[in-house]
Amino acid sequence: MKRLTLIILALAAICSFTGTDAAAQAKFTTRKEKLSDLMYKTTKVVLTGNELLDESFKEEVIRRWRITPYEFCTFDEFNTLKGSADYYFLLIVQAQFRKETEPGLSMMTLIKGGSAPKPDSPLNDFYEVISLPLCSSTMSSGREVVFMSAFIDLVQEMATAAVDHGSRGESTLKVHSLKKSGDMTVLISEDDLSEEASAFKGKDLGTAVRIVPEDEADEAFSRGDGNTAVSYVIAPFDPQKGSVCYRLLIGASDHRLYLFEKHKISKKTPEGFQSGDIGKIVSAVR
């Protein structure tokens, strides 16, 4: 009987160990859990070294950043600190899409410090909270400075959605309906039209949609005109196979997204707003 008891106890110990081991293997951390400390930790805002871009980046963070404590740092300081779990990092980085041979766009990206296998791991190995296209990585138009205030607000909206709901990628973006937005005026920069859609220049599109010179569109956005959405196209300066174009409509006063769509750039669909986009926008605000 004593021997039988010992065998049973031994089997119980094996079963207990196996069950615990299986539970440990089955346990995983959800995205919400991984990001649960974001609002309490300091966000290091990494300056690019580009004087004009950094001036706007820094100014709008000071004016608008509200979801976490923040501090500014240089890229060299980022390389020293990125292995620390005490920080999150907001950066403007070059992004290379699949099939591209070199980066075509710059993205505004928020990553979790200390989340890579090694402190000196490449940026791609760090846990990404959100990433938002900002401008061409080379020869940008400078409009990213005009729209910087909106991008700081959108990044915070995206990060909050990631923390609250575990959302990832473009699902963190809330796109509002033009149809449900009342008396909305849409200003589309002439320079944001694809070659095919440039036929709409000078056409009467109704009182709510106007195709205007880029300066006029940007001035309306900078003034914060009410009930006005302004176009912004983000595409590589020299598109190649695999390059992507983003077409946005952003509220001048509320910084809401009223359009956020992308397409692969090709001879058939070059960068810029397409004719179909214009038709949909006109129909939405009638």
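Above this note sits the structure.
For the structure given in this document, a descriptive report is provided here. No experiment lies behind these values; they were computed from the predicted model shown. (Residues numbered from 1 in each chain as written. Predicted model: local features only at pLDDT ≥ 70, side-chain atom pairs only at ≥ 80, totals over all residues. Heavy atoms only, no water.)

### Here we look at the nonpolar core
Within the largest apolar cluster, 50 residues are counted, with the highest numbers of intra-cluster contacts made by Phe57, Met108, Phe151 and Leu248. Tallying contributions element by element places helix α6 (residues 148-165) first for this core, with ten residues. Apart from residues no more than four positions distant in its own chain, Met108 is found in contact with Phe57, Leu90, Leu91, Ile92, Ile130, Ser131, Leu132, Leu134, Met148, Phe151, Ile152 and Val155. (Core = buried A, V, L, I, M, F, W, Y, C linked by side-chain atoms within 4.5 Å. Buried < 20%, exposed > 50% of the residue type's maximum accessible area, 1.4 Å probe, protein only. Helix = DSSP H or I, 4+ residues; strand = E, 2+ residues; numbered from the N terminus. Contact = heavy atoms within 4.5 Å.)

### Observations concerning the environment of Asn79
On the secondary structure map, Asn79 appears in helix α4 (residues 75-81). Under the relative-accessibility criterion, Asn79 is labelled partly exposed at 35%. Here the alpha-carbon distance between Asn79 and Asp120, two residues 41 residues apart in the chain, equals 7.6 Å.

### Re the pairing of strand β5 (residues 127-136)
For β5, a buried count of nine out of ten residues is recorded, marking the element as mostly surrounded by other parts of the structure. Bridging between strand β4 (residues 105-112) and β5 involves eight bridges; their strand directions are antiparallel. When the sheet's bridge partners are listed, Thr109 is paired in β5 with Ser131. (Pairing = 2+ DSSP bridges.)

### Details of the sheet that holds strand β3 (residues 87-95)
Within the open sheet, the five strands sit side by side as β2-β1-β3-β4-β5. Their pairing is mixed. Each edge of the sheet is formed by a strand with only one pairing partner; in this case those strands are β2 (70-73) and β5. Strand-to-strand twist in this sheet, taken as the mean axis angle between neighbours without regard to direction, amounts to 25°. Each of β1 (42-46), β2, β3 and β4 touches helix α3 (residues 51-64); the most contacted strand, β2, lies at about 170° to it. Docked against the sheet, α6 engages β3, β4 and β5, running at close to 160° with respect to β5. (Axes fitted to C-alpha atoms, helices over the stretch in contact; angles between N-to-C directions.)

### Some words on the packing of α3 against α6
Close contact between α3 and α6 brings their axes to 9 Å; oriented N to C, the two are set at 50°. Taken together, the axes of α3 and α6 are oblique relative to one another. α3 and α6 meet at a crossing whose hand is right-handed. Residue-level contacts link Leu53, Ser56, Phe57, Glu60, Val61 and Arg64 of α3 to Met148, Ser149, Ile152, Asp153 and Gln156 of α6. (Parallel < 35°, antiparallel > 145°, perpendicular 65-115°, else oblique. Left-handed = near helix turned anticlockwise from the far one by under 90°.)

### Here's the deal with the sheet that holds strand β7 (residues 209-212)
One open sheet holds the five strands; their spatial order is β7-β6-β8-β9-β10, and the pairing between them is mixed. Each having just a single partner strand, β7 and β10 (257-264) make up the two edges of the open sheet. Direction aside, the axes of adjacent strands within the sheet are offset by 20° on average. Of the strand pairs in this sheet, strand β8 (residues 228-234) and strand β9 (residues 244-251) are connected by six bridges, and their pairing is antiparallel. Pairing of Ser231 across the sheet is with Leu249, part of β9. Against the sheet, helix α8 (residues 275-285) touches β6 (185-189), β7, β9 and β10, its axis set at about 165° to β6.

### Section: the packing of aromatic side chains
One pass over the structure, following the stated rule, counts eight aromatic pairs. Relative to Phe78, the ring of Phe75 has its centre 5.3 Å away and its plane inclined at 50°; by these criteria the two rings are tilted. One end of the pair is Phe75 and the other is Phe78, both in helix α4 and three residues apart, which spans about a single turn. When its relative accessible area of 1% is taken as the criterion, Phe78 is described as buried. Pairing Tyr87 with Phe89 gives two aromatic rings, centres 6.1 Å apart and planes at 55°, and the pair type is tilted. The ring centre of Phe72 lies 5.3 Å from the NZ or CZ of Lys58, which sits over that ring. One Lys or Arg, Lys203, reaches over the ring of Phe200 and ends 5.5 Å from the middle of that ring. (Phe/Tyr/Trp six-rings, centres within 6.5 Å; stacked < 30°, edge-to-face > 60°. Lys NZ or Arg CZ within 6 Å of the ring centre and 35° of its normal.)

### Observations concerning the pattern of salt bridges
Where charged atoms from two side chains of opposite charge come close, those side chains can pair. Within the structure shown, the criterion is met by 15 salt bridges. As a salt-bridge pair, Arg64 and Asp153 come within 3.1 Å of each other at their nearest N and O atoms. Here Asp153 lies in helix α6 and Arg64 lies in helix α3, a separation of 89 residues in the sequence. Measuring nitrogen to oxygen at the nearest pair gives 3.1 Å for the salt bridge that ties Arg247 to Glu261. Of the two residues, Arg247 sits in strand β9 while Glu261 sits in strand β10, which places them 14 residues apart along the sequence. (Salt bridge = Lys/Arg side-chain N within 4 Å of Asp/Glu carboxyl O.)

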